[in-house]
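# Results of the structural survey
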Amino acid sequence: MALKLRLKPCERVVINGCVVQNENRRYTLTISNFAQIIRGSDILQEEDAVTPVRRAYFLIQSMLLDPTVAAGGSGAAAEMMAQLYTTFTRPDIQDRIARAMGHIGERDYYKALSALRPVMEYEGTLLSPSPPAVAAPSIQTGAVDHHAGG
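Residues numbered from 1 in each chain as written. Predicted model: local features only at pLDDT ≥ 70, side-chain atom pairs only at ≥ 80, totals over all residues. Heavy atoms only, no water.

Taken together, the four bridges between strand 2 (residues 12-15) and strand 3 (residues 18-21) define a ladder with antiparallel strand orientation. Residue pairing in the sheet places Arg-12 in a bridge with Gln-21 of strand 3. Between strand 2 and strand 3, which pair antiparallel and follow one another directly, the connecting turn spans two residues, one of which, Asn-16, has a positive phi of 50°. (Pairing = 2+ DSSP bridges. Helix = DSSP H or I, 4+ residues; strand = E, 2+ residues; numbered from the N terminus.)

For the structure shown, the criterion picks out one aromatic pair. Ring geometry for Phe-88 versus Tyr-122: centroids 5.9 Å apart, planes at 55°, classification tilted. With Phe-88 in the loop between helix 2 (67-87) and helix 3 (91-105) and Tyr-122 in helix 4 (residues 109-127), this residue pair connects regions lying 34 residues apart in the sequence. Judged by its relative accessible area of 8%, Phe-88 falls in the buried class. (Phe/Tyr/Trp six-rings, centres within 6.5 Å; stacked < 30°, edge-to-face > 60°. Buried < 20%, exposed > 50% of the residue type's maximum accessible area, 1.4 Å probe, protein only.)

Another aspect to go through is the packing of helix 1 (residues 52-65) against helix 4. One way to put it is that helix 1 packs onto helix 4 with a least axis distance of 9 Å and a crossing angle of 165°. The pairing of helix 1 with helix 4 is recorded here as roughly antiparallel in orientation. In this structure, the crossing between helix 1 and helix 4 has a hand that is left-handed. Along the contact surface, helix 1 presents Pro-52, Val-53, Arg-54, Ala-56, Tyr-57, Ile-60, Gln-61, Met-63 and Leu-64, while helix 4 presents Tyr-109, Tyr-110, Ala-112, Leu-113, Leu-116, Arg-117, Val-119, Met-120 and Glu-123. (Axes fitted to C-alpha atoms, helices over the stretch in contact; angles between N-to-C directions. Parallel < 35°, antiparallel > 145°, perpendicular 65-115°, else oblique. Left-handed = near helix turned anticlockwise from the far one by under 90°. Contact = heavy atoms within 4.5 Å.)

Another aspect to go through is the nonpolar core. Judged by nonpolar contacts, the single largest core of 30 residues is most densely connected at Ile-60, Met-81, Ile-104 and Leu-116. When residues of this core are traced back to their parent elements, those giving at least two are helix 1, helix 2, helix 3 and helix 4. Listed in part, the eight residues of the second largest apolar core include Leu-7, Val-13, Ile-15 and Ile-37. (Core = buried A, V, L, I, M, F, W, Y, C linked by side-chain atoms within 4.5 Å.)

Structure follows, in structure tokens:
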């Protein structure tokens, strides 16, 4: 099944390490096979990776964007995920972390990032002195939910 990406004006998407930027109007791209894809709005900047979940997210994101990081980063990612799993006690959060670990094992890094977004939001509520007005301000969660192909 093909994946359709609906891009907003001037929106960026990274496909297999290549940055694609839309022009000034909406456009739809169809991806017919499996590809490592992440929307620009889902990219976490390195300087924002200041908490344990955000550091794990950033490492997995780096694995998605750079095959050389992916080749050497799976051990570190597995260790980070194991630490997060034992740190959080809420079953739904542990389930998200376990799903992320499974996706990392399948080298489906985008799905791993998607699984971690709610964990990152929950971590933010734990670290915030007051309830957050917006979840994960440097990341938008309305992104692609699956990859095309297999």
